[in-house]
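Letter by letter, the chains look like this.
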Amino acid sequence: MKKIDSLFLWLDERLGIQSIFKMAKKKEVPLHRHSIWYYFGGMTLFLFTVQVATGILLLLYYRPSAEGAFESVQFIITEVQFGWLIRSVHSWSANLLIAALFIHMFSVYFMSAYRAPREITWITGALLLFISIGFGFSGYLLPWNKLAFFATKVGTEIAGVVPIIGHPILRFLRGGDEVTGATLTRFFGFHVAVLPAIATVLIGTHVLLVQMHGMSVPPKIEETEEPKTMKFVPNFLLRDLIGWILAVGVLAALAAIFPWELGEKADAFASAPAGIKPEWYFLFMFQTLKYLPAKIFALDGEVLGILGFGLGGLFWVLVPFLNKTPGHGRRKLVFNVIGIFIVVFIIVMTIVGYVSS
Ligand code: HEM
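These figures come from a predicted structure and were not determined experimentally.

Reading the values: the criteria
Residues numbered from 1 in each chain as written. Predicted model: local features only at pLDDT ≥ 70, side-chain atom pairs only at ≥ 80, totals over all residues. Heavy atoms only, no water. Patch = residues over 30% accessible without salt bridge, like charges linked within 9 Å, V, L, I, M, F, W, Y side chains within 5 Å. Areas by Shrake-Rupley, 256 points an atom, 1.4 Å probe, with all protein chains shown as cover. Salt bridge = Lys/Arg side-chain N within 4 Å of Asp/Glu carboxyl O. Lys, Arg positive; Asp, Glu negative; His and termini not counted. Charge placed at Lys NZ, Arg CZ, Asp CG, Glu CD. Helix = DSSP H or I, 4+ residues; strand = E, 2+ residues; numbered from the N terminus. Phe/Tyr/Trp six-rings, centres within 6.5 Å; stacked < 30°, edge-to-face > 60°. Buried < 20%, exposed > 50% of the residue type's maximum accessible area, 1.4 Å probe, protein only. Lys NZ or Arg CZ within 6 Å of the ring centre and 35° of its normal. Near = heavy atom within 4 Å. Polar contact = N/O pair within 3.5 Å; in protein donor to acceptor, adjacent residues only side chain to side chain. Donors = N, O, S within 2.8 Å, 3.2 Å for Na, K, Ca; no water. Tetrahedral: all angles 85-135°; square planar, octahedral: opposite > 155°, others 65-115°. Expected span 1.5 Å × (residues − 1). Contact = heavy atoms within 4.5 Å. Core = buried A, V, L, I, M, F, W, Y, C linked by side-chain atoms within 4.5 Å. Arc of directions from axis to C-beta.

Asks: Which residues make up a negative patch on the surface, and what values go with them?
Replies: On the surface, a cluster of negative charge is contributed by Glu-157, Glu-178, Asp-300 and Glu-302. Take Glu-178: it is sitting in the loop between helix H8 (166–174) and helix H9 (181–213).

In structure tokens:
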């Protein structure tokens, strides 16, 4: 027996590798006219691994303090070999990840893939949406530049508007009443320890559940078409791979053509830059809050807006329990209309937020 075979046998006896291979061989993916959407979960997963790999490399040089953060990022992009590329890929990939996640989330919503027994797959996914947004918000401050400083100031101020719990949340996020070096240290802790730990558990559970239940078929197709499938290994996986290679190409092109800017160092005493805006995935909420009148029925408009978004988030997490018989009758229509309204609202408000000063 060759050395490599005996090593395989040794490992198999201890880790049960064969059973994993057998499981992967048995896995099938439904084949129908909407199968293309099944690739976006894998794409999100791929971009997450890009984030972990580039994030670890950035950690080798990054310093999380108000005195050193900006200078350390400057060092990374000017002195460290390929440092500019790693930083740009990390930033661009974060944005592509959120875009892939939105496409994945809305596609599973419209395919009613959250219906029993996949409710917990949906809930872990919805929690991953909040965690991903948390990654974006905390990561944005880390270079400690002017734009990030004021965006964090405005973002945490919005959280602070909510009655009773708002101020404690603001103080918890900022590590005091103002955005200071303490906020930076805290955000660094969230970004590289707390959020990755939670994300790892959630992604592990999410993917394990997908493995357990298999991919779902949209109800209409289940009823009208003969079930056809494709082997996961190698057919689907190789197609996944093509998507990931394309993503690497897009990331490399974006990073080379549009390197991520650093701007000027944060200065708490400087005046806020005009027309300050958050990252694109917060824009729809930011713009909506801007449009709300100061008072709605004697209540503060901004507070009502924030509570509205909070309730919207809760509704989104609970969708599988609110629509127990998707794919049929009036409920299907109602939930499709709600989904289309949310997508159109997000797209329109994001564009308006982007073009308005
Ligand atoms: C970091 C974020 C996420 C990762 C890495 C991820 C990964 C995946 C993967 C690999 C699959 C299997 C392939 C597919 O159907 O696309 C999947 C399925 C699924 N995901 Fe996600 N996902 C994420 C976020 C979300 C979000 C935000 C939601 C919804 C709120 C969600 C809900 C679901 C559901 C319900 C399925 C089952 C689909 C089916 O059975 O047809 N996921 N996810």
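Asks: Would you mind going over the environment of Ala-256 in detail, with residue names and values included?
Replies: Topologically, Ala-256 is positioned in helix H11 (residues 232–257). Measuring from C-alpha to C-alpha, the distance between Ala-256 and Trp-84 comes to 9.1 Å, with 172 residues separating the pair along the chain.

Asks: Go over the packing of aromatic side chains, please, and point to the residues and values.
Replies: Summed over all chains, the structure comprises 29 aromatic pairs. Aromatic pair Trp-37 and Phe-40: ring centres 5.9 Å apart, planes at 35°, arrangement tilted. Residue classification places Trp-37 among the partly exposed positions, given a relative accessible area of 35%. Since its relative accessible area comes to 23%, Phe-40 is described here as partly exposed. Three or more aromatic residues joined by ring pairs make a cluster, and in this case those are Phe-102, Phe-106, Tyr-109, Phe-110, Tyr-114, Trp-122 and Trp-316. Directly above the ring of Phe-232 sits Lys-27, whose terminal nitrogen or CZ lies 5.1 Å from the centroid.

Asks: Explain the site of the ligand to me, using residue names and the numbers behind them.
Replies: Taken together, 22 residues sit near the ligand, with Tyr-38, His-104, Gly-125, His-206 and Ser-216 positioned nearest. For the ligand, an oxygen atom lies 3.1 Å from a polar atom in the backbone of Gly-41. Ser-216 places a side-chain nitrogen or oxygen 3.0 Å from an oxygen atom of the ligand. Mapped onto the shell around the ligand, the elements with two or more residues apiece are helix H3 (39–59), helix H5 (83–110), helix H6 (119–141) and H9. Here the element with the most residues in the shell around the ligand is H6; it accounts for 6 residues.

Asks: Could you give me a rundown of the coordination of the iron atom of the ligand, with the residues and numbers involved?
Replies: Here the iron atom of the ligand is held by the protein donor atoms His-104 (NE2) and His-206 (NE2), which lie 2.0 to 2.1 Å from it. Of note is the iron atom of the ligand, whose 6 donor atoms meet at the metal with angles of 87 to 178° in an arrangement that counts as octahedral. Of this pair, His-104 sits in helix H5 while His-206 sits in helix H9, placing them 102 residues apart in sequence. Look at His-206 and you get buried, because its relative accessible area is 15%.

Asks: A description of the pattern of salt bridges should follow, citing residues and the corresponding values.
Replies: Evaluation of the coordinates by the stated rule reveals 7 salt bridges. With its nearest N and O atoms 3.6 Å apart, the salt bridge here joins Glu-13 to Arg-14. Relative accessible area serves as the criterion here: at 66%, Glu-13 is assigned to the exposed category. Where Asp-177 meets Arg-171, a salt bridge forms, and the shortest distance between an N and an O atom there is 3.3 Å.

Asks: Could you give an account of H3, with specific residues and numbers?
Replies: With 21 residues, H3 extends 30 Å between its outermost C-alpha atoms, agreeing within 8% with the 30 Å of an ideal straight helix rising 1.5 Å per residue. Every buried residue belonging to H3 is among Tyr-39, Gly-42, Met-43, Thr-44, Phe-46, Leu-47, Phe-48, Val-50, Gln-51, Thr-54, Gly-55 and Leu-58, and all of these are buried. Where the residues of H3 are buried, they touch helix H4 (69–78), H5, H6, H9, strand E2 (229–231) and H11.

Asks: Outline the nonpolar core, supporting the account with residue identities and numerical values.
Replies: Judged by nonpolar contacts, the single largest core of 58 residues is most densely connected at Phe-102, Trp-122, Trp-144 and Trp-316. If one sorts the elements of this core by residue count, H5 sits on top with 10 residues. In this view, Trp-316 contacts Met-105, Phe-106, Tyr-109, Trp-122, Leu-129 and Ile-342; residues no more than four positions away in its chain are not counted. Counting residues in each nonpolar core, the second largest holds 8 residues, with Tyr-38, Tyr-39, Met-111 and Met-215 among its members.

Asks: Which residues make up H4, and what values do they have?
Replies: Here H4 has its buried residues at Ala-69, Phe-70, Ser-72, Val-73 and Ile-76. Buried residues of H4, viewed axially, fall in a sector of 165°; they line one side. Looking at the packing, one finds that the buried side of H4 touches H3, H5 and H9.

Asks: Break down the environment of Pro-143 for me, with residues and values.
Replies: Here Pro-143 is to be found in the loop between H6 and helix H7 (146–160). Here Pro-143 falls in the buried class, since its relative accessible area comes to 12%. Contacts of Pro-143, omitting those with residues within four sequence positions, involve Ala-69, Phe-70, Val-73, Arg-87 and Leu-262.

Asks: So what about the environment of Gln-74? Which residues, and what values?
Replies: Considering the arrangement of structural elements, one finds Gln-74 in helix H4. Note on Gln-74: relative accessible area 36%, which makes it partly exposed. Sequence separation of Gln-74 and Leu-322 is 248 residues, and the distance between their C-alpha atoms is 50 Å.

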